[in-house]
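Topology and contacts: notes
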Amino acid sequence: MATLLVTGGAGYIGSHTAVALLEAGHRVVSLDNYSNSSPLALERVQRIAGRPLTAVEGDVRDAALLARLFAGHAFDGVIHFAALKAVGESVAQPLAYYENNVGGTLSLLRAMDTAGVRRFVFSSSATVYGAPDLLPITEQAPVRTTNPYGATKAMVEQVLRDLAAADDRWSVVSLRYFNPIGAHPSGEIGEDPNDIPNNLFPFICQVAAGRREQLAVFGDDWPTPDGTGVRDYLHVVDLAAGHLRAFEFVQRHAGMVPVNLGTGRGVSVLQLVRAFEAATGQPIAYRIVGRRPGDIAECWADPTSAERLLGWRAEFGVERACADGWRWQRRNPDGYRTKGGIT
Ligand code: NAD
Ligand code: UD1
């Protein structure tokens, strides 16, 4: 049994990973400032797993708080989710993104180094590949970001590479997620966007729930089989399991390695809409509109490194992710703000 610091533990992916860690018998300390989440998520994590965790409210940029945390717990490793993640907002507020995502990670790495805790799993993103030349995308593909959010992920990866090169006591996996969707099958935790969702899956869920009238499909003139954008949608429960495997990996290996987490399958916007309708019985009204600036046609992972290095592969398909995501949405139409909670 290990003790892990999970930053951003109350967030969408952090909460699902906390369940996986607790269910595997590990101790979890979550550090979250709740800037994009609710402490209620952590109560539900404990209910699902049937085990307690330690929830600390605070910011990863707070060096004094980190020093106290590392003095108070014998951490075996850190899984670092805490970050801002809205691409459009990062273009408008680059300083906030560099401060939080790069500055926050530097502060955390410094505290880890001082405490002698050097096992680190980082939340990176397929966004570091920009518009790919070749599909499927391997980890050897060039890193070229197109917005400040993506740049923060690429910068942190550079820091991690330099750190591992300078000191072979560091052991780091940078997980490059493709498109996480869905929710825990209990329907108790899930994605809880504050505002109008930017991403496809939460938007579909809100159309199904009657919160939005129809989905705007951003272009049907892409060079793809049905003309709509193609992505690699990954069930968040699979993604959470990938973190457990990555933590096991950093316990046994030194150095820094980037690893794609995806299914290896591309699914178009219209295929996802149809999969959602089939899995839930809910019709999704949509209309085709113009392309979204900055979008790419297609993006899916070559997940063979994840299988070879971590022993991980995605188990669930999009149908299952749709059914599970819809259960969360239906039971919590207003996310964690839903009055009365789960019905
Ligand atoms: P999220 O916003 O749900 O979770 C992030 C959590 O970090 C939130 O609970 C937020 O309150 C917390 N947080 C933010 N800044 C903090 C700070 N300075 N100190 C302490 N806590 C802080 O997002 P998510 O979807 O769970 O994403 C988790 C990680 O995965 C992020 O690093 C994100 O960039 C990355 N990622 C997400 C996706 C995706 O599609 N969701 C894809 C690729 C990568
Ligand atoms: C987004 C992020 C990216 C992140 C990735 C994984 C943006 C601009 N990019 O990209 O940084 O790494 O998620 O989480 O936010 N679509 C519609 N209508 C909608 C929303 C989306 O048609 O209302 C289409 C898009 O054009 C795209 C597909 O659905 O073809 C998926 O979009 P989205 O969920 O935003 O993911 P990404 O574009 O991959």
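Our subject is the structure that appears above.
Residues numbered from 1 in each chain as written. Chains lettered and ligands numbered in written order. Predicted model: local features only at pLDDT ≥ 70, side-chain atom pairs only at ≥ 80, totals over all residues. Heavy atoms only, no water.

1. Considering the sheet that holds strand β4 (residues 77–80)
- An order of β3-β2-β1-β4-β5-β6-β11 is seen for the seven strands of this open sheet, with the pairing classed as parallel. Of all strands in the sheet, those bounded by a partner on one side alone are β3 (54–57) and β11 (255–261). Within the sheet, the average angular offset between the axes of one strand and its neighbour, ignoring direction, is 20°.
- Here four bridges tie strand β1 (residues 3–7) to β4, and the two strands are oriented parallel to one another. Within β4, the position partnered with Leu5 by the bridge is Val78.
- Contacts between helix α3 (residues 63–72) and the sheet are confined to β1, β2 (27–32), β3 and β4, with β2 contributing the most and set at about 175° to the helix. (Pairing = 2+ DSSP bridges. Helix = DSSP H or I, 4+ residues; strand = E, 2+ residues; numbered from the N terminus. Axes fitted to C-alpha atoms, helices over the stretch in contact; angles between N-to-C directions. Contact = heavy atoms within 4.5 Å.)

2. Considering the site of ligand 2
- As a structural note, the neighbourhood of ligand 2 is formed by 19 residues, with Ser125, Ala216, Arg231, Arg292 and Asp295 the closest of them.
- Ser125 is positioned with one of its side-chain polar atoms (N or O) 2.8 Å from an oxygen atom of ligand 2.
- Here the element with the most residues in the shell around ligand 2 is strand β8 (residues 215–218); it accounts for four residues.
- Broken down by class, the residue content of the shell around ligand 2 amounts to ten nonpolar, six polar and three charged. (Near = heavy atom within 4 Å. Polar contact = N/O pair within 3.5 Å; in protein donor to acceptor, adjacent residues only side chain to side chain. Nonpolar A, V, L, I, M, F, W, Y, C, P; charged D, E, K, R; others polar.)

3. Examining the pattern of salt bridges
- The tally for this structure, following the rule as stated, stands at 17 salt bridges.
- The partner of Arg118 in a salt bridge is Asp113, with the nearest N and O atoms 2.8 Å apart.
- By relative accessible area, which is 23% here, Asp113 ends up partly exposed.
- Note that Asp295 and Arg231 form a salt bridge whose closest N and O atoms lie 3.7 Å from each other. Linking Asp295 in the loop between β13 (286–289) and α10 (304–310) with Arg231 in strand β9 (residues 230–231), this pair joins segments that are 64 residues apart in sequence. When sorted by exposure, Asp295 lands in the same class as Arg231, which is buried.
- One connected set of salt bridges, linked through shared partners, spans Asp113, Arg118, Asp167 and Arg169. (Salt bridge = Lys/Arg side-chain N within 4 Å of Asp/Glu carboxyl O. Buried < 20%, exposed > 50% of the residue type's maximum accessible area, 1.4 Å probe, protein only.)

That is the geometry; function is a separate question.
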